Structure formats: structure tokens, C-alpha cells
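Structure assessment
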Amino acid sequence: MPKSLVIVESPAKAKTINKFLGDGYEVAASMGHVRDLPTRELGVDVENHFNPTYVTTGDQEKTVKKLTKLASKSDSIYLAPDPDREGEAISWHLVELLKEVAKDKEFYRITFNEITKNAIQKAINTPLEINMDLVNAQQARRILDRLVGYKISPMLTRMVARNKSSLSAGRVQSVALRLICEREGEIRKFVPVEYWTLHGDFTNKNRKKLSAELYSVDGLRINHQGESDEKEESNTLHIQTEAQAKELIERIQKASYAIDKITSRKRTRKPPAPYITSTLQQDASRMLGFHGDRTMRIAQSLYEGIDIGDETIGLITYMRTDSVRIAEEAIGRVRDHIKTTYGEKYVPKSWNVYKTRKSAQDAHECIRPTMLDGKHSPDKLKSKLNNDQYKLYKLIWQRFEACQMAPAEYESTTIHIAGGDLVFRATGSVLIFDGFTRAYHDPEDQKDQLLPQMNEGEELNLKSIEPNQHFTKPPARYNDASLIRELEGKGIGRPSTYASIVKTLVDRNYITRQEKRFHPTDLGEVINKLLVDNFQDIFEVGFTADIEARLDEVEEGRIDWVQILKEFYDPFALDLEKAPKGIGESLRSLQEPTDIECKKCGGKMLKKWGRTSWFLACSNYPECDYTAPISEPEMIETDVECDKCGAPMVIRPGQYGHFLACSAYPDCKNTKPIPTGIKCPLPGCGGDVIQRRSRRGVVFYGCGNYPKCDFVAWDPPIDEPCPECGAPFLVFKDYKRKGPTIKCQKKECNYSRPADRPSPLQKTPDEMLRSLMKNPPPLEKKEEEKKAV
């Protein structure tokens, strides 16, 4: 008997939905997009209304073949990819590929915001048609990205990297890079301004202590920022130097003090809106230390379904959304849950309503738990979730509870202490009703500051006065949370793209993370300058935001998608014609003269940009071709002996990271990779597994005892036999959706399990380097404390 075919994107989603539907359905996965623009050609006919050419390649062909076979045997086809532009486009591509074998069969589009039995059955019973406005918005975005990437990236690779490495530009990623580089420029230009504050400790006749800051002098308020504009200058006092502070202290010590005024007021703090993609990524970064791509990978697993013993269920709603809308039935459930869990006083009289920004896709809901009962609470499911899943699920659960709870109430008190024309001020705030903070607590919230009970007119004694020196600080570098907030605020990108933008910039070595902040690399700053100089409109923040707004208009059916492509491409084509000459001029403008003498001819050296870094070159080129690195590479001594000459080996930096080199160079040119800390899994070998690169630069793993041992693997090996098939070792894979996984090396064996750490290495690269050093530098105190813990 024919079955209805239900097609979703991922196997995990298919597995969960299959358990909700009866025997009359077959659920299969498309594995994401089933066709795309070709990889080795533009695939867009710019002369013929930007007509795209779509192809299937590699694994896509296998998937399509499988789906075609299933579609030919089914009686109807339900298209159930995600409820967004990408999901709608996947549905349309599936129809285009399957309609030949399913001519007499009905195609239905079904959408749902949560993967629960009720939601799936409701979607099956109320099918829709494919929304071509959504499809065209996705096509327009894809073609825009292809035009920018395919036209500019090869130019950068050819002119900057000279075809030695691949460089890329992206319509949105390059604007994010620009923001990071411009922030770095602001920090370099920043000049700190000195300013002082004065802190006084007072007591009353009952010896109650009160601490206060100097607030005003002669009616002028103390400037606590160090800088002020002309308008503020006449109303504030900037204590600029220690001498000025000491002069004020002498005056303060001579005055008599009394409490001039006490003001108290109650204030309420409203709960935050439920999570959308951007705010979830921001909180996961601030509160859990998760990068954007890690957050989305975990959220995907919670959405697609978790086996909790007696059922498999999606624990959260769809995680790519910019809408704060909550379904009415969910509001009723959460209000009942709050009343039962926290008490009636925590339930507001009417539910809290949040405004979704204008450009949001309001057909979606916010990110929330699908079930709000004791059985599905984070603590009940802790044993069924891995640590990352538990942390993120708990955060989503608590934020959703909080968004429908009563406001928190505080009592704020301000005490003004006067000594003639000198005024000190003390402020305090006390929580009198915890409200939503009972469920959701932001670690950045200010702590309560209790003030002693005192009365107006009460005399005080000044016990001590302490001057404090400060300097104004430059703007902070972006981190995951602040960059996402900036991109969202400026209307750049979509919820589904924020995580991939940062990942691409890091992978391309355009930026690095240092102490969770983004620093542009030299390469990143050079690429940014070339793009901004030669494509001023395309990589301008406002222009990119305007394109996003136009794509929204396509989605709403208010504008033809080909029209915005034409509006974009005509000026872009003119920039492309001028770019080769302009990029050459920009590269030459990067040259800087130095006072360093050429060791070959005595001329002056120039600082120039190479393929991926700065170097020194003689200014007399081409008569003199002498070049030198900007600085000599640091070499670190080790206790490792060279296996060719016996001399000690040193750690040296290279293009692909650190490596071991013989200290007797150039007499001995022996080099070795840094060991990974993983032992060779072949019986009787005992060698160290090392990371190697093929001639094409692809990373693979081999035994350090080569050629005596011929072990080789594409994935990092785990020295543990497969418990199912007995294979001598397992391998480590970091899947985009499933996350870190340990699996069997044999394709025919299906054994796998979640990895308990994000890397197969027993030691981090830094720890491995330290273990090889002859005299490792002392660990910073913070690191020692972490290791002790």
C-alpha cells in the first residue's frame, strides 16, 4: 500500500517526526539543500534577467536519487523543511526535481514551529502552498552573495595572495569585518584623558558609617567621564590632576557636614522579552561563554528532538527567528506554570506583550520550551542531555518563564551630604519584590547597596577622604554578543547568518579571538582597506542594511526580485571594472619607509605587504632584491633530540602553526610536526600521531614513526577499539549539527557516541607546546588557579 512521503532537512528531525506519524507515512531527509549554484562557475546569467543555473553535486545526487525513488512509490508528498526562506527554497527545489516522477501526485507544504506530536499532526491536517515570495527572496540573497563572492574573491586571491592561498569577500561578512577594523582604528587613535574622583567616609553620632562620592563643588557637578562637550563644560568640574585633587581635599577637610536631603522612590524593572536568535546568542556568549555557531548547533539539537526515555520530542521551538510573538496557548500554559511553581503574586494581571521589530518575520514564534511541566523541566531532563544542551535549555526555560512574570520592584535611595558649597552623594538600591528575577537572573545586574538609616539635618563627621585616579577608556572591542547586537541594530544580516559570519572571518584568519574579544589580523585589515577603498558602496553599512530591507520587500511581495538584483549589479559592475587598478594603487599605498639599512646594498628598507603578512624589502628594487622578515622568528628550546644529528630541536613558528626544527640549521634541515598527544592506534607501534598536510593543503593524521609505521587517517584517531565491530580504533568527528562525536572508522559500522570534550586532543596545543619546552615560562596566576580547580 503506497505511503505519503514527508521530506525534512535532517536525519535527526526525520527520526523524531517518524515516531509521531503512523504507518501511512515515510519520513526522509533532504540533508539540507538538494541543489545549488555550481561551484566552478558563476551560474548566473546577468544578461538574461539574472537567470540562475542550479546543479546537484556529490552527496546531493545520492540524496536526490533516493528521494526520487521514494516519491515514485508514494501517493502524496509533504514538504516539511524549516519555516523560513531557506526552508521554502528547499521545498521549491524538491518540487522542481521530483515533479517528473510524481506528475499525478499532490505536493503539500507543511510548516510548524515546534516538533511535538500535536504540532506535526496539525501541520499535516492544514497543508499550505509554497510561498514563491519567500523563495524569490532566498534566490535574490543567494545570487547577490554569489555575485559579490565570485567576482571579488578571485581578484583578491590573484592580486594579494598571488594565487598561493585563497582569499574571500562576502556581501555581509566583509561589512562585519569593516566594523571590527574600524573599532580597532578607534582604539589606536584613542588618547586617554586623566581625571580624579574623591571618595569620603562619614559617621554620625551613633557611629553609623556612610560612604559617598564628591558630587558637586560650587554648583558644578563633578565630571566622572574625564571628557565633556562645550555645552557640558560650563556646568561640570573636571578634576584633571593630582595637584587639583589635593587642593580640593584641603578645602573638603576644613568644612562641616550634615545631611542636606534624602530622597527615596520605588521603581519597577520589567522582564525581558523572550529569546529570538540574536538575543539567545548574546546571552549564551555573555552567560555561558558559547560562540554563536556553538549556540546554534546546540539549539538545533534541542529543536530537532531529544530521546528522553519514553518519548522523543523537540524541547524548544524553531531557533532561527526574529519574532517575539508567543502563541496564545503557550501564554496560558506558562501563566499556569508560574502560578504553580512560584505563586500567584508572580503572575501579572494580564500577559506581557512585546513588540516585534518591523522587519521581523512575525509568522514565527519566539524561542521557547515546547513543554512547561515537571516532566520536561531542565533539572528532570539533566541526565538525558549533554552538559551544553542542559545549560542552553535551562537558559531558554528560565527566560521564557521570566518574560511572563511580574516586574521586579526596587526602592532607590539617594542621600546628599552638604558642607557649604561642597556636596557628596551616596546612592543605594534594595530589591523589595524579586518578580521575574526569581526565575531569570542576569549576572551583570547591579548588586544591592544598603544605606544606613539616617535623617535629614543630621550632622556627620568626615573620617577620611580618598583621591582616586582614573583614565578614560577606549571603546571595547567586539565580542560575540556585542557584534551580533551591532549587526542586528544596523539591520545587517538575518538571524540565520550571525553565527556563520563570525565563523567565516575566524576561519579565513581575518580576525582572531583573544580573551573572547575580536582582533583583526594584519591580513584582515589589509583586505578591509582594499574592499573599502575600491567598493565603497557595496561594503558600506547603510547600503548593506538597505539591501536587507529590499529583500524583506521581496518576501512581502512588494517588489520583483530581479529588480533589486539589477539595482545592485549596475553600479557594482562599474566598480569591478576599476577595481584591478584601484587595488594595485591601494597595495602600493600600504608601503612605509623605514630607517633600517639594507644588508646587501646599504639602501633604505621599505615595509611592504606580502601574500599574507608584512615584510621588509629594499627600496632599490629591482637593482637590489634583498628582503627580510619584519622580526626574527622566536625559537624555543626543547629537550627533544634530532633523530638525524642528535642536536636539540627548537620550536619555530610556521605558515601552518608551530613545528619542531633542528637547532643545527642550516647544517641539518630536519623538521618534525608538533605531536598531537594521541598515540598511534596500531598494535605494537606506540608512536605519536602527528598532523600532516597533503600537497593540496588538506589536513590528515599519520604516525610519527613513518615509514616504519604506515598508519594514516583523515580524522583524529582515538586509541580505543570499536565495541560493536572490533575495529582497532575509533575516530573523532566534529559535525555541524550533531557536534563533537566519536564514531567507528569503518563506513559499514554505525557505532557512534557524543564526545565528552570539544577536541580529541588530550592536551590543548598550548599545553603540548609547554610540555616540549626546556624552560617553559611560568603560568599566569589565573591559569594556575584554573588548573587547581
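Above this text is the structure in question.
One structure accompanies this document, and this report is about it. (Residues numbered from 1 in each chain as written. Predicted model: local features only at pLDDT ≥ 70, side-chain atom pairs only at ≥ 80, totals over all residues. Heavy atoms only, no water.)

1. Overview of the overall build of the chain
To be explicit about the condition: Runs of H or I in DSSP of at least four residues are treated as helices and runs of E of at least two as strands, each being numbered from the N terminus. Think of it in three bands: with a 1.4 Å probe and only protein chains considered, a residue is buried below 20% of the maximum accessible area for its type, exposed above 50%, and partly exposed in between. Contacts were defined at the residue level, with two residues in contact if any of their heavy atoms lie within 4.5 Å. Each accessible area value is a Shrake-Rupley result obtained with a 1.4 Å probe; residue values ignore everything except the protein chains displayed when judging cover.
Regarding its fold elements, the chain presents 20 helices and 34 strands. Each principal axis of the C-alpha atoms in the chain carries an extent, and together these give about 95 × 80 × 65 Å. Of all 789 residues assigned to the chain, the portion counted as buried reaches 47%. Long-range contacts, defined as pairs at least 24 residues apart, comprise 63% of the intrachain contacts of the chain with a sequence gap of at least 6. Of the roughly 42300 Å² that the chain leaves accessible, carbon and sulfur atoms contribute 47%.

2. Concerning the nonpolar core
As a reminder, the rule being used: In these notes, a set of buried Ala, Val, Leu, Ile, Met, Phe, Trp, Tyr and Cys residues joined through side-chain atoms within 4.5 Å is what counts as a nonpolar core.
Counting residues in hydrophobic clusters, the biggest one holds 66 residues, and the most contacted among them are Ile152, Leu156, Phe535, Phe539 and Phe572. The element that contributes the greatest number of residues to this core is helix H18 (residues 561-589), accounting for 11 residues. Counting residues in hydrophobic clusters, the runner-up holds 64 residues, among them Ala119, Ile120, Ile316 and Leu392.

3. Regarding the side chain of serine 74
For the record, the criterion: Distance and chemistry together define a polar contact, namely a pair of N or O atoms within 3.5 Å, with one atom able to donate a hydrogen and the other to accept it when in protein, and with adjacent residues in sequence counting only for side-chain atoms on both sides.
If you trace the backbone, serine 74 turns up in the loop between helix H2 (59-73) and strand S5 (76-79). Judged by its relative accessible area of 5%, serine 74 falls in the buried class. A polar contact is formed between the side chain of serine 74 and the backbone oxygen of alanine 71, at a distance of 2.9 Å.

4. Examining empty space enclosed by the protein
Rules: Residues are said to line a cavity or pocket when one of their atoms sits within 4 Å of a point; the points come from a 1 Å grid over protein atoms alone, cavities being sets where a 1.4 Å probe fits but cannot get out and pockets being open sets with protein on both sides within 12 Å along at least five of seven lines. Grid points are joined across faces, edges and corners, and a volume is the space filled by probe spheres set on the points.
This structure, assessed with the given rule, holds one cavity of 30 Å³ or more. Put simply, the largest cavity is a space of about 30 Å³. Per-element accounting of the lining of the largest cavity gives the leading share, three residues, to helix H15 (residues 498-507).

5. Brief notes about the pairing of strand S32 (residues 730-735)
Test applied: A pair of strands is treated as paired once DSSP finds two or more bridges between them.
Pairing geometry for strand S31 (residues 717-718) and S32, over two bridges, is antiparallel. Paired with proline 717 across the strands is valine 731, a residue of S32.

6. A few points about helix H3 (residues 85-98)
The cut-off we apply is this: Multiply 1.5 Å by the residue count of a helix minus one, and that product is the helix's expected span.
End to end, H3 covers 20 Å across 14 residues, agreeing with the expected 20 Å (1.5 Å per residue, within 8%). Most of H3 sits out of view: 11 of its 14 residues are buried. Considered for burial, the residues of H3 that qualify are Arg85, Gly87, Glu88, Ala89, Ile90, Ser91, Trp92, His93, Leu94, Val95 and Leu98.

7. Considering the packing of aromatic side chains
This is how the line gets drawn: Any Phe, Tyr or Trp ring, taking Trp's six-membered ring, that has another such ring centre within 6.5 Å forms a pair; planes under 30 degrees apart are called stacked, those over 60 apart edge-to-face, and the others tilted.
Counted by the stated rule, this structure contains 19 aromatic pairs. Between tyrosine 346 and phenylalanine 433, the ring centres sit 5.1 Å apart and the planes meet at 35 degrees, which makes this aromatic pair tilted. In this pair, tyrosine 346 is assigned in the loop between helix H11 (328-342) and helix H12 (378-381) and phenylalanine 433 in strand S15 (residues 422-433), connecting sequence segments 87 residues apart. Here the two residues tyrosine 346 and phenylalanine 433 agree in accessibility, since each one is buried.

8. Regarding the pattern of salt bridges
Put simply, the test is: Note on definitions: salt bridges are taken to be side-chain nitrogens of Lys or Arg within 4 Å of carboxyl oxygens of Asp or Glu.
Summed over all chains, the structure comprises 39 salt bridges. Taking the shortest distance from any N to any O, the salt bridge between glutamate 486 and lysine 490 comes out at 3.6 Å. For glutamate 486, a relative accessible area of 25% corresponds to the partly exposed category. One network of salt bridges, in which partners are shared, links Arg550, Glu553, Glu556, Arg558 and Glu567.

9. Some words on the environment of glutamine 253
Looking at the element boundaries, glutamine 253 is found in helix H8 (residues 242-254). Taking the relative accessible area as the measure of exposure, glutamine 253 reaches 52% and is therefore exposed. Note: C-alpha distance between glutamine 253 and lysine 463 (210 residues apart in sequence) is 9.4 Å. For glutamine 253, the contacting residues outside a window of four places in its chain are Leu462 and Ile465.

10. A few points about H11
So the rule is basically this: The arc in question is traced by the directions running from the helix axis to the C-beta atoms.
When the terminal C-alpha atoms of H11 are compared, their 21 Å separation across 15 residues agrees well with the 21 Å that a helix rising 1.5 Å per residue should span. Residues Ala330, Ile331, Val334, Arg335, His337, Ile338 and Tyr342 constitute the buried set of H11. The arc that holds every buried residue of H11, seen down its axis, measures 165 degrees, which confines them to one face. Away from its buried face, by an angle of more than 90 degrees, H11 presents the exposed residues Glu328, Asp336 and Thr340. If you follow the buried residues of H11, they end up packed against helix H13 (387-403). Positioned one or two residues after H11, glycine 343 has a phi angle of 115 degrees, which is positive.

11. Regarding the sheet that holds strand S30 (residues 712-713)
One open sheet accounts for four strands, arranged S27-S28-S29-S30; its pairing is antiparallel. Each having just a single partner strand, strand S27 (675-679) and S30 make up the two edges of the open sheet. Of the strand pairs in this sheet, strand S29 (residues 699-703) and S30 are connected by two bridges, and their pairing is antiparallel. Its bridge partner being in S30, tyrosine 701 is matched across the sheet by alanine 713.

12. Comments concerning the side chain of threonine 63
With respect to the secondary-structure elements, threonine 63 resides in helix H2. When near neighbours in sequence (up to four residues on either side) are disregarded, threonine 63 contacts Ala29, Ser30 and Met31.

13. Side note on the sheet that holds strand S1 (residues 4-8)
Worth spelling out the cut-off: Note on definitions: angles span 0 to 180 degrees between N-to-C directions of axes, and those axes are lines fitted to C-alpha atoms, for helices only across the stretch in contact.
The parallel open sheet is built from four strands, whose spatial order is S2-S1-S5-S6. At either margin of the open sheet sits one strand with a lone partner, and together these are strand S2 (25-29) and strand S6 (106-109). The sheet shows a mean angle of 20 degrees between the axes of neighbouring strands, direction not considered. Of the pairings in the sheet, the one linking S1 to S2 comprises five bridges and is parallel in character. In the sheet register, isoleucine 7 faces S2, and the bridge partner there is alanine 28. Docked against the sheet, helix H1 (residues 11-20) engages S1 and S2, running at close to 165 degrees with respect to S2. Lying over the sheet, H3 contacts S1, S5 and S6, oriented at roughly 175 degrees with respect to S6.

14. Notes on the packing of helix H10 (residues 292-304) against H13
Stated formally: Comment on the angle field: the value is read as roughly parallel under 35 degrees, roughly antiparallel over 145, roughly perpendicular from 65 to 115, and oblique elsewhere. Here the term charged refers only to Asp, Glu, Lys and Arg, the term nonpolar to Ala, Val, Leu, Ile, Met, Phe, Trp, Tyr, Cys and Pro, and the term polar to all other amino acids, Gly among them.
Viewed as axis vectors pointing N to C, H10 and H13 meet at an angle of 85 degrees, and their least axial separation amounts to 10 Å. Classified by the angle between their axes, H10 and H13 sit roughly perpendicular to one another. Across the interface between the two elements, Arg294, Thr295, Ile298, Ala299, Ser301 and Leu302 of H10 pack against Asp388, Gln389, Leu392 and Tyr393 of H13. Residue composition of the contact of H10 with H13, grouped by class: five nonpolar, three polar and two charged.

15. Notes on unusual backbone geometry
For the bond from tyrosine 621 to proline 622, the omega torsion is 10 degrees, close enough to zero to count as cis. Here the bond from tyrosine 706 into proline 707 is cis, since omega is 10 degrees, no more than 30 degrees from zero. Within the element layout of this structure, proline 707 appears in the loop between S29 and S30. Despite not being glycine, histidine 49 shows a phi value in the positive range, around 55 degrees. According to the relative accessible area criterion, histidine 49 is exposed, its value standing at 60%. Unlike most non-glycine residues, arginine 207 shows phi in positive territory, near 65 degrees. Mapped onto the elements of the fold, arginine 207 is located in the loop between strand S7 (194-203) and strand S8 (209-217).

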